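One letter stands for each residue in the lines below.
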Amino acid sequence: MRSLRSARSLVTSALVSLLAAGCAQPGAAPAPAAPAAREAREAGAAAREAGAATLAGLGAAVTVASDGLGIPTIQAASRQDAFRALGYVAARDRLFQMDLLRRSSAGRLAEILGRDLVEADTRQRLLGVPRAASAILARLPEAQRAALEAYAEGVNAYLRSAASLPLEIGQLGYRPEPWRSEDSVLVVLEMFRTLAFSEEEERTRTVLTHTLPPRVVSFLFEGADPYTSALLGAQAGALPPLPAEELRALVARSRGDRSASAGVLGAGGVLGGVLSAAAGEAPVGSNGWVVAGQRTRDGRALLANDMHLELGAPNLWYRAELRYGDTAVAGVVMPGVPMMIVGTNRHVAWGLTSLDGDVMDLVRLDVSPARPDEYRTPSGWRRFEVAEETIKVRGEPDVPVAMRATIWGPVAPRPLLGRPVAVRWAALDPEAVDVGLLDMDAARTVDEAVAVATRAGGPGCNVLLADRRGRIAWTVTGRMPRRRGLDGSVSVSWADGRAGWDGYLPPASLPRVVDPPSGYLVNANQRMPLAGGAPGAPGAPALGRDYANGYRAYRITERLRAARPVAEADLFQLQLDTQADFYGFYRDLALRVLGGEAAQRRPALAEARRAVAAWDGRADVSSVGLALLVRFRRALADEVFAAWLGASRAAEPDQELALTDIDTPLQRALAERSPDLVPAPAGGWDAFVLAALERAADDVKRQRGGRPLDQIAWGAVSRVQIAHPLGAIPELGALLNMPDEPLAGCGFCVRMASGALGASERLVVSPGREADGILHMPAGQSGDPRSPHYRDQQRAWVDGRPLPLLAGPAVSTLRLVPDRP
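Here is a short report on the structure shown in this document. Because the structure is predicted, anything quoted here is derived from the model rather than measured. (Residues numbered from 1 in each chain as written. Predicted model: local features only at pLDDT ≥ 70, side-chain atom pairs only at ≥ 80, totals over all residues. Heavy atoms only, no water.)

**Focus on the overall build of the protein chain**
Part 1: Scanning the protein chain for helices and strands turns up 26 helices and 28 strands.
Part 2: Here the C-alpha atoms of the protein chain give a radius of gyration of 27 Å, agreeing with the 28 Å that 2.2 N^0.38 yields for 821 residues.
Part 3: Projecting the C-alpha coordinates of the protein chain onto the three principal axes gives extents of approximately 90 × 70 × 65 Å.
Part 4: In the protein chain, which comprises 821 residues, the share counted as buried stands at 61%.
Part 5: Looking at the protein chain alone, contacts between residues at least 24 apart form 73% of all its contacts between residues at least 6 apart.
Part 6: Averaged over its 93 positive side-chain charges, the protein chain has a centre that lies 1 Å from the centre of its 92 negative ones. (Helix = DSSP H or I, 4+ residues; strand = E, 2+ residues; numbered from the N terminus. Rg over C-alpha atoms; globule rule 2.2 N^0.38 Å. Buried < 20%, exposed > 50% of the residue type's maximum accessible area, 1.4 Å probe, protein only. Contact = heavy atoms within 4.5 Å. Lys, Arg positive; Asp, Glu negative; His and termini not counted. Charge placed at Lys NZ, Arg CZ, Asp CG, Glu CD.)

**Some thoughts on the environment of P603**
Part 1: Inspection of the secondary structure puts P603 in helix α21 (residues 603–614).
Part 2: Between the C-alpha atom of P603 and that of R203, which follows or precedes it by 400 residues, the distance is 45 Å.

**Side note on the sheet that holds strand β20 (residues 492–493)**
Part 1: Ordered by their spatial adjacency, three strands build an open sheet running β16-β11-β20, and the pairing between neighbours is mixed. Only two strands of the sheet have a single neighbouring strand rather than two, namely β16 (421–425) and β20.
Part 2: Sheet topology places strand β11 (residues 360–364) next to β20; two bridges connect them, and they run parallel. Residue pairing in the sheet places R364 in a bridge with S493 of β20.
Part 3: Across the sheet, helix α10 (residues 199–211) lies against β11 and β16, angled at about 45° from β11, the strand it touches most. (Pairing = 2+ DSSP bridges. Axes fitted to C-alpha atoms, helices over the stretch in contact; angles between N-to-C directions.)

**Structural notes on empty space enclosed by the protein**
Empty pockets left among the atoms are what a rolling probe the size of a water molecule brings to light.
Part 1: Following the criterion strictly, the structure yields eight cavities of 30 Å³ or more and no others.
Part 2: The volume enclosed by the second largest cavity comes to roughly 100 Å³.
Part 3: A class-by-class count of the residues in the lining of the second largest cavity yields 13 nonpolar, no polar and one charged. (1 Å grid on protein atoms, 1.4 Å probe; cavity = no way out; pocket = protein on both sides within 12 Å on 5 of 7 lines; lining within 4 Å. Points joined across faces, edges and corners; volume = space filled by probe spheres on them. Nonpolar A, V, L, I, M, F, W, Y, C, P; charged D, E, K, R; others polar.)

**Side note on helix α3 (residues 79–106)**
Part 1: In this model, α3 (28 residues) spans only 28 Å end to end at C-alpha, well below the 40 Å of a helix rising 1.5 Å per residue.
Part 2: A bend of about 95° at R94 is the largest found in α3.
Part 3: Among the 28 residues that make up α3, 26 are buried, leaving the element largely enclosed by the rest of the structure.
Part 4: Where α3 terminates, the next one or two residues include G107, which has phi positive at roughly 75°. (Expected span 1.5 Å × (residues − 1). Bend = angle between axes of the 7 residues up to and from the residue.)

**Topic: the packing of aromatic side chains**
Part 1: Scanning all chains against the criterion turns up 16 aromatic pairs.
Part 2: Centre to centre, the rings of F641 and W644 are 5.4 Å apart; their planes meet at 70°, and the pair counts as edge-to-face. In this pair, F641 and W644 both sit in helix α22 (residues 626–651), three residues apart, roughly one turn of the helix.
Part 3: For F641, a relative accessible area of 0% corresponds to the buried category.
Part 4: Classification of W644 as buried rests on a relative accessible area of 1%.
Part 5: Site record: aromatic cluster; members linked through ring pairs are Y375, F384, W408 and W494. (Phe/Tyr/Trp six-rings, centres within 6.5 Å; stacked < 30°, edge-to-face > 60°.)

**Considering the side chain of E607**
Part 1: Summarising the element assignment, E607 is placed in helix α21.
Part 2: E607 has contacts with K701, R707, P708 and L709, leaving out every residue within four places of it along the chain.

**Focus on the pairing of strand β14 (residues 385–393)**
Part 1: The pairing of β14 with strand β15 (residues 396–405) spans eight bridges and is antiparallel. Note on β15: the bridge partner recorded for I391 is V399.
Part 2: Between β14 and β15, which pair antiparallel and follow one another directly, the connecting turn spans two residues, one of which, G395, has a positive phi of 75°.

**Quick notes on the packing of helix α19 (residues 584–594) against helix α24 (residues 685–703)**
Part 1: Close contact between α19 and α24 brings their axes to 10 Å; oriented N to C, the two are set at 115°. In the packing of α19 onto α24, the handedness of the crossing is left-handed. In this structure, α19 uses L589, A590, R592, V593 and L594 to contact α24, whose residues at the interface are W685, D686, V689, L690 and L693.
Part 2: Along the lines of polarity and charge, the residues of the contact of α19 with α24 split into eight nonpolar, no polar and two charged. (Left-handed = near helix turned anticlockwise from the far one by under 90°.)

**Quick word on the nonpolar core**
Part 1: Of all hydrophobic cores here, the largest spans 151 residues; its most connected members are L322, W425, L465 and L816.
Part 2: Setting aside residues up to four positions removed in sequence, W425 forms contacts with L127, F192, R193, A196, F197, V359, M360 and W501.
Part 3: Counting residues in hydrophobic clusters, the runner-up holds 68 residues, among them L247, V251, L589 and L693. (Core = buried A, V, L, I, M, F, W, Y, C linked by side-chain atoms within 4.5 Å.)

**Concerning unusual backbone geometry**
Part 1: Look at the link from A313 to P314: it is a cis peptide, with omega at 5°.
Part 2: Structurally, P314 can be placed in the loop between β6 (308–310) and β7 (318–324).
Part 3: Positioned with a positive phi, R346 is a non-glycine residue whose angle comes to about 80°.
Part 4: Tracing the backbone shows R346 in the loop between β9 (340–344) and β10 (348–354).
Part 5: Despite not being glycine, A779 has its phi angle at roughly 65°, a positive value.
Part 6: Secondary-structure assignment places A779 in the loop between β27 (774–776) and α26 (794–799).
Part 7: For A779, a relative accessible area of 0% gives the class buried.

**Considerations on the sheet that holds strand β24 (residues 753–754)**
Part 1: Read across the sheet, three strands follow the order β6-β25-β24 without closing on themselves; strand pairing throughout is antiparallel. A single partner strand is all that each edge strand has here, and the edge strands are β6 and β24.
Part 2: One ladder, built from two bridges, connects β24 with strand β25 (residues 757–759); its direction is antiparallel. Opposite S754, over in β25, you have L757 as the bridge partner.

**A closer look at the pattern of salt bridges**
Part 1: Counting across every chain of the model gives 62 salt bridges.
Part 2: The shortest N-O distance in the salt bridge between D358 and R483 comes to 3.3 Å. Of this pair, D358 sits in the loop between β10 and β11 while R483 is found in strand β19 (residues 481–484), placing the two residues 125 residues apart along the sequence.
Part 3: Classification of R483 by relative accessible area gives partly exposed; the value is 22%.
Part 4: The salt bridge involving D366 is made with R419; its shortest N-O contact spans 2.5 Å. Placement of the pair is D366 in the loop between β11 and β12 (374–377) and R419 in the loop between β15 and β16, with a sequence separation of 53 residues.
Part 5: Since its relative accessible area comes to 32%, R419 is described here as partly exposed.
Part 6: Because the salt bridges share partners, they merge into one network encompassing D99, R102, R103, R108, E111, E177, R180, E182 and D183. (Salt bridge = Lys/Arg side-chain N within 4 Å of Asp/Glu carboxyl O.)

**Considerations on helix α16 (residues 446–455)**
Part 1: The complete set of buried residues in α16 reads V446, A449, V450, V452, A453 and T454.
Part 2: Those residues of α16 that are buried are in contact with β10, β17 (461–467), β18 (472–477) and β22 (512–514).

**A look at the environment of G470**
Part 1: In this structure, G470 sits in the loop between β17 and β18.
Part 2: Setting aside anything within four residues of it in sequence, one finds G470 in contact with A292, G293, G299, R300 and A301.

**Re the pairing of strand β26 (residues 762–765)**
Part 1: Side chains R762 and V764 of β26 all project onto a buried face; the interleaved residues L763 and V765 project onto the opposite face, where all are buried too.
Part 2: Sheet analysis places strand β5 (residues 302–306) next to β26, joined by three bridges and oriented antiparallel. Looking across to β26, one finds that L303 is bridged to V765.
Part 3: In this sheet, β27 lies alongside β26 in antiparallel orientation, the contact comprising three bridges.

**Some thoughts on the side chain of T664**
Part 1: Its location among the elements puts T664 in helix α23 (residues 663–671).
Part 2: In terms of polar contacts, T664 uses its side chain to reach the side chain of D661, at 2.6 Å. (Polar contact = N/O pair within 3.5 Å; in protein donor to acceptor, adjacent residues only side chain to side chain.)

In structure tokens, the structure reads:
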């Protein structure tokens, strides 16, 4: 999933191409925020947020009070009316974003953005995403369909009444179609693509399994990193043996064929393709933890959650409060869906982190040599199902697409090792997708919340829970396949019936931990200890394998274990922790080789030693030396994995090798200090390491204009990169993008910051004490660059300053009334 180019990047490229071709013209840029202009913008925003409007379908009038940050508090008589109002204000503030999300998922971006998006649209059509959305909607429980219908009614009421459309839509010259309930399902499926699409990981494992000795495959994939091992204890298991003989053979072979090993890691390979922007960090995951009443200052349970995603303007999340009946929920929703993703209902608070669960398999197809339109199934030969799709392209003829499908799922656009494969993906299965987390609004205890989470479909996530009784829990949400005859790690044939899925694990089998003796629970996308299901239910097998490095979880656990009784401010400060001990191995390695006589005679390496020795172990904007260590790690990985995996890349030249954990095998090999395990030159192991360090130093200095290494602070490298889709246009970038400025944190820090990836929100709350809660996010509520709420939360996010969870005093009030006498 991490190798996919984001829809945001594709949209930006297409917009720039359109403008260059004269298909759209940039209009007048928003005026600078001079006092008079700012007052006018604020007055305009207040006008849009105030007054009265009719909304068909309402059972009773609804009030929407917006505070000084544009955060709406919706007061309604019923849940359905609250969802109608939420749809109305979400469309008012985020219409273009909502339209892009549904179009990206449905494969309809080229209609408005042109030929550059045809390839992305084709992929979505070949996967059958639009068809799946229709089937999923038809199977949803009645209450969930009603919620989506109410939300759509609100969106469409705004579309009918809007005096003007968003700036971007005006630039592109089109009119958004009415919102359908199906579009909300498409937005959910877009999150599946972000969080639970593991095609590249399975392709990588399959290629390596077919091209490397078994002991090398085990070495690369099995065993836990040191931080995860410390958290798991005996459950971590022993590391597989280091396959020295096999690695030496691979290195020797690579010396004779350097072309095969060139570019193994690739732009979207093991380091995630973010080197130029974020110094080689690994952009993986989110943080979440809960602390029970026994460890807090006054017996309350606390939840902390920050979700790490690609950041942009506007932000992915939309802050909202909904009050109906005796229910009051506050937190963030995703524009396009009426579901509170993370938040609190005064009784229970919940947060999410990506599970990295394995809900996709690539089924190797056995195609008939004599009849290429047939493939083998357990019941015999069967014809491919063929469906014709048409992609409309702005300003150009339509593009026809022929989709082929099997009994297991659509045929993937790319073959694997010369064979076609079908995609068996939970996201395309109506049985596996719903919006069941809507029901979190009614949970009153962690036990009830666990039941809601484990019943719900959707992208697999860890769920952290706290309730007002001081109790805590962890479980998972999302349908997890029950496999037979395979573990899902590599592509195999299902033709003989021995391998396949037997539905999904029952909710009672999904793991959960409630009220642990430690008084806290932590997930930062690492592998969790094995845990049982509900009492009397069989436990679940492992749900995934490509987990994040355990450093963030280890650091959070370390801090919580040592903490005095805590309150909200303490957990918020922990979310901002910039300790970067993850890079300690590379610091020690550099200092060891830089202490030799050869290094001391070379001025460039003497400068590198000063920089590394000056590092304070943190990723603060003032930290010196970290930029060099980050690049040093990448230089080592490039060389070592090129030698080990060159032959694998040659077998599948177009496949970027998406290893999740490069550091465990890399550090184990380097710790041996053997020149035969790495592509060392004639000078031996020290010469190899020094050469990597010298390349890293040259690279860092070149990018920083030749500045001495010991004067390059981390803030010169780690920068805010939050862009609007139109922000790549030079005339508009300064006004539409968030300011480019130093940003503390790193890709392995608790305070995650890695190029365009970072904390999309930070939430800290104790259920029942929401007035003391904290919630901040980048950019602002509005997607309109002309609004004062477009960037008014950005400063607090950059500075690490808390903002209140609950909305402040109302500065404007909108009254929505039924469309009837």
